[in-house]
Amino acid sequence: MALVVVGSVAYDGVETPHGKVDRMLGGAATYISLAASYFTPVKIVAVVGGDFAREDVDLLESRGIDLAGLERVPEGKTFFWAGVYSADMNDRTTLRTDLNVFADFQPKLPESYRQEPYLLLGNIQPALQKSVRAQMPALALAGGDTMNYWINDFRGELVETIGEWDFLLINDSEARLLSGQHNLRRAAACILEMGPRTLIVKRGEYGAVAFARDGGQVGHFMAPGYLLEDVFDPTGAGDSFAGGFIGYLAGQGIRPRGGELDFAELRRAVIYGSVMGSFCCEKFGVDRFRTLRREEIESRYREFQTCTAF
Ligand code: AMP
């Protein structure tokens, strides 16, 4: 039972206080897939240009990721994004977004993907996210991410799209923007009314909060961020969180009952998300995933348990 991941596969230029890399593998679908691959088989849907390097294909293949849905446009160029981080790395300024082949991305699901039960929709146009979901009739659990651009300029389309999802994963400023509520608890209650039964609000270095109906009431679970000694590059941390979150649920074969996820499993998934987000920040780009082992993930998961128990 595999997880289908849709989104950007990119080249990124990133500058943080620890250094600068002009061009390296990135993209939301890349981070989501790499993180999820530690828990469950992953099948990717994305588009790249003729410049997409063999070594980057090799990395994805080395993690067992199915690339049948990775479309190549030989005459085009891969999506390029560049950003620079503030001194405390909590803020990021986008310097460049060259959509290239991503501008005309029309996700096409290979026949071999369509019966899979798990789907994570990375940040792309809501109508495209909706079209992918419609191509998968056997879904047990589907959800995804979005960003301020779609919330501001495509609100109607977005609300219609997330209305069909089991969960929505967004950051705190996006939750406020989507709901029009500053208070996070009220924002969550408002978003849960839009359709998704579960909302995960990512709060960067401060962790994440999951909101869900738990016996009629809206319950919440708060996970802190892992206290890293050195954060080298936060790019992809949110996507790696998403990969750990859905990867864990898919790997366990979790299905919502009556639309609701088991709250104990939801808590575990949030912690695995935090664990994967934290590993991502330890090196530039996707580098940490070149060496990361499953035992390290379990050991950090246990550390989370000891440092939050009281
Ligand atoms: P995160 O740090 O989790 O927000 O993810 C950063 C990744 O998102 C980078 O690798 C970028 O290539 C990718 N990205 C940046 N802007 C966009 C966009 N407009 N659409 C899709 N992916 C993007």
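Conventions adopted
- Every residue gets a number counted from 1 within its own chain, in the order that chain's sequence is written.
- Local features in this predicted model are restricted to residues whose pLDDT is 70 or higher, and side-chain atom pairs enter the listing and the counts only when it is 80 or higher, whereas totals over whole chains, interfaces and linings include all residues.
- Hydrogens are left out, water is left out, and the side-chain values use all remaining heavy atoms of the structure.
- Counting from the N terminus, the helices are the DSSP runs of H or I reaching at least four residues and the strands are the DSSP runs of E reaching at least two.
- Using C-alpha atoms as the atom set, the radius of gyration is obtained and then compared with a globule rule of 2.2 Å times the number of residues to the power 0.38.
- Think of it in three bands: with a 1.4 Å probe and only protein chains considered, a residue is buried below 20% of the maximum accessible area for its type, exposed above 50%, and partly exposed in between.
- Working rule for contacts: check all heavy atoms of both residues, and any pair within 4.5 Å makes them a contact.
- In these tables, accessible area is a Shrake-Rupley quantity obtained with a 1.4 Å probe, and a residue counts as shielded only by the protein chains included in the view.
- Charged residues are defined narrowly, with Lys and Arg counted positive, Asp and Glu counted negative, and His plus the chain ends left uncounted.
- The location of each charge is read from NZ of Lys, CZ of Arg, CG of Asp or CD of Glu.
- We call Phe, Tyr and Trp rings a pair once their centres come within 6.5 Å, taking the six-membered ring for Trp, and we label the pair stacked below 30 degrees between planes, edge-to-face above 60, and tilted otherwise.
- Comment: the charge-over-ring label is applied if NZ (Lys) or CZ (Arg) is within 6 Å of the ring centre and within 35 degrees of the ring normal.
- With axes taken as lines fitted to C-alpha atoms, and helix axes fitted only over the stretch in contact, angles between N-to-C directions fall between 0 and 180 degrees.
- Crossing chirality is assigned from the near helix's rotation relative to the far helix, an anticlockwise turn below a right angle marking it left-handed and a clockwise turn marking it right-handed.
- Each residue receives one of three labels: charged for Asp, Glu, Lys and Arg, nonpolar for Ala, Val, Leu, Ile, Met, Phe, Trp, Tyr, Cys and Pro, and polar for the others, Gly being one of them.
- Definition of nonpolar core: a set of buried residues of the types Ala, Val, Leu, Ile, Met, Phe, Trp, Tyr and Cys, connected through side-chain atoms within 4.5 Å.
- Paired strands, in this sense, are two strands between which DSSP finds at least two bridges.

1. Section: the overall build of the protein chain
Step number 1: When you go through the protein chain residue by residue, the secondary structure sums to eleven helices and 13 strands.
Step number 2: Computed over C-alpha atoms, the radius of gyration of the protein chain comes to 18 Å, within 12% of the 19 Å expected from 2.2 N^0.38 for 310 residues, which places it in the range of a compact globule.
Step number 3: Oriented by its inertia axes, the alpha-carbon framework of the protein chain measures out at about 55 × 45 × 35 Å.
Step number 4: Across the 310 residues that make up the protein chain, the buried fraction comes to 55%.
Step number 5: Contacts spanning at least 24 positions in sequence make up 64% of the contacts within the protein chain whose residues lie at least 6 apart.
Step number 6: Roughly 13400 Å² of accessible area belongs to the protein chain as shown, and the carbon and sulfur atoms make up 47% of that amount.
Step number 7: Taking the 32 positively charged and 41 negatively charged side chains of the protein chain as two groups, their mean positions are separated by 4 Å.

2. Examining the packing of aromatic side chains
Step number 1: This structure, assessed with the given rule, holds twelve aromatic pairs.
Step number 2: Plain terms: the ring middles of Tyr11 and Phe52 are 5.6 Å apart, the flat faces sit at 35 degrees to each other, and that makes the pair tilted. Placement of Tyr11 in strand β2 (residues 10-16) and of Phe52 in the loop between β4 (42-49) and α2 (54-62) is noted, with a sequence separation of 41 residues between them. Across the pair, exposure class does not vary: Tyr11 and Phe52 are buried alike.
Step number 3: Joined through ring pairs, the aromatic side chains of Phe39, Tyr248, Tyr272 and Tyr301 make up one cluster.
Step number 4: The side chain of Arg63 reaches across the aromatic face of Tyr38, ending 3.7 Å from its centre.

3. Section: the packing of helix α8 (residues 237-251) against helix α9 (residues 263-280)
Step number 1: The interhelical angle for the contact between α8 and α9, taken along N-to-C directions, is 145 degrees, at an axis separation of 7 Å. For the element pair α8 and α9, the recorded crossing hand is right-handed. Between α8 and α9, the residues in contact are Ala237, Ser240, Phe241, Gly244, Phe245, Tyr248 and Leu249 and Glu265, Leu266, Arg268, Ala269, Val270, Tyr272, Gly273, Ser274, Met276, Gly277 and Cys280, respectively.
Step number 2: Here the contact of α8 with α9 is composed, by residue class, of eleven nonpolar, five polar and two charged.

4. A few points about the nonpolar core
The tendency in soluble globular proteins is for nonpolar side chains to be buried side by side.
Step number 1: By size, the foremost hydrophobic cluster in this structure holds 64 residues, and its most contacted members are Val9, Phe245, Val270, Met276, Phe289 and Ile297.
Step number 2: Among the elements that line this core, the one with the most residues is α9, at ten residues.
Step number 3: Sequence-distant contacts of Val270, that is, excluding residues within four places in its chain, are made with Ala208, Ala210, Phe221, Ala223, Phe241 and Phe245.
Step number 4: In terms of nonpolar packing, the next biggest core, distinct from the first, is built from 43 residues, Phe79, Trp165, Ile170 and Leu184 among them.

5. Overview of the sheet that holds strand β12 (residues 208-214)
Step number 1: Strand order in the open sheet made by the nine strands is β5-β4-β1-β8-β9-β10-β11-β12-β13, with mixed pairing throughout. Whereas interior strands pair on both sides, the edge strands pair on one side only; in this sheet they are β5 (66-73) and β13 (217-223). Neighbour-to-neighbour, the strand axes of the sheet open up by a mean angle of 15 degrees, direction not taken into account.
Step number 2: As defined by bridge partners, strand β10 (residues 167-171) adjoins strand β11 (residues 198-202) across five bridges and the pair is classed as parallel. Across the sheet, Leu168 pairs through a bridge with Leu199, a residue of β11.
Step number 3: Along the sheet, helix α6 (residues 172-179) makes contact with β10 and β11, crossing β10 at roughly 115 degrees.

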